[in-house]
Amino acid sequence: MEIFETLIERYLTCGGRVFVSPQYDLRWEANAATGGACPDFAVIDESRDPREIVVVEVTTGYDLGSLFDRITHREKRWFERLRKDFGAAVRLLAFIRADRMAEAEAWRAKAGIPRDEVCFHPIEAATFPWLYWTDRVTNGLPR
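Reference entry: report on the structure contained in this document. Predicted, not measured: the structure shown is a model, and the values here were computed from it.

## Examining the environment of glutamate 117
Right, on to step 1. In this structure, glutamate 117 sits in the loop between helix H4 (101-111) and strand E5 (118-122).
Right, on to step 2. As a C-alpha pair, glutamate 117 and leucine 92 span 25 residues in sequence and 6.1 Å in three-dimensional space.
Right, on to step 3. Sequence-distant contacts of glutamate 117, that is, excluding residues within four places in its chain, are made with Arg74, Glu75, Phe79, Arg91 and Leu92.

## Structural notes on the side chain of histidine 121
Right, on to step 1. Here histidine 121 shows up in strand E5.
Right, on to step 2. For histidine 121, a relative accessible area of 17% gives the class buried.
Right, on to step 3. Other than its neighbours up to four places away in sequence, histidine 121 contacts Tyr11, Leu93, Ala94, Phe95, Ile96, Met101, Ala126 and Pro142.

## Here's the deal with the packing of helix H2 (residues 65-72) against helix H3 (residues 74-86)
Right, on to step 1. The N-to-C vectors of H2 and H3 enclose an angle of 55°; their axes lie 6 Å apart at closest approach. For the element pair H2 / H3, the angle class is oblique. Here Arg70, Ile71 and Thr72 of H2 come into contact with H3, specifically with Arg74, Arg77 and Trp78.
Right, on to step 2. For the contact of H2 with H3, the class distribution of residues is 2 nonpolar, 1 polar and 3 charged.

Definitions and cut-offs
- Residues numbered from 1 in each chain as written.
- Predicted model: local features only at pLDDT ≥ 70, side-chain atom pairs only at ≥ 80, totals over all residues.
- Heavy atoms only, no water.
- Helix = DSSP H or I, 4+ residues; strand = E, 2+ residues; numbered from the N terminus.
- Contact = heavy atoms within 4.5 Å.
- Buried < 20%, exposed > 50% of the residue type's maximum accessible area, 1.4 Å probe, protein only.
- Axes fitted to C-alpha atoms, helices over the stretch in contact; angles between N-to-C directions.
- Parallel < 35°, antiparallel > 145°, perpendicular 65-115°, else oblique.
- Nonpolar A, V, L, I, M, F, W, Y, C, P; charged D, E, K, R; others polar.

Below, the structure is given as structure tokens:
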């Protein structure tokens, strides 16, 4: 696990109401043609009622093309399988560089993906606990 994934894991778990599974193995289901992926994290957010499953991806790269491709195929890669396994709502939270936020938001809007289904959050805003602790514990995971 790279250093940024470690920092994001700390961010996700502050407040103690979130269960995190790094590199959660979504095995391929041939008959359903779903799965076959390991998101950086699969998160059960117990602070939500009803609870929700959050697929978390972390990238420090400038080029977001491969992330956009994974997001485009999110239903078959992650969402269908997680809904089946956990019977809960599923969404994606992607941590990216702050200087790539405008591109990511423009891509999401152009693709017609609702913000409550896919959310981008700057890595920098989730790196230093003294900057995020109160907001993160009070307001939950970014939406």
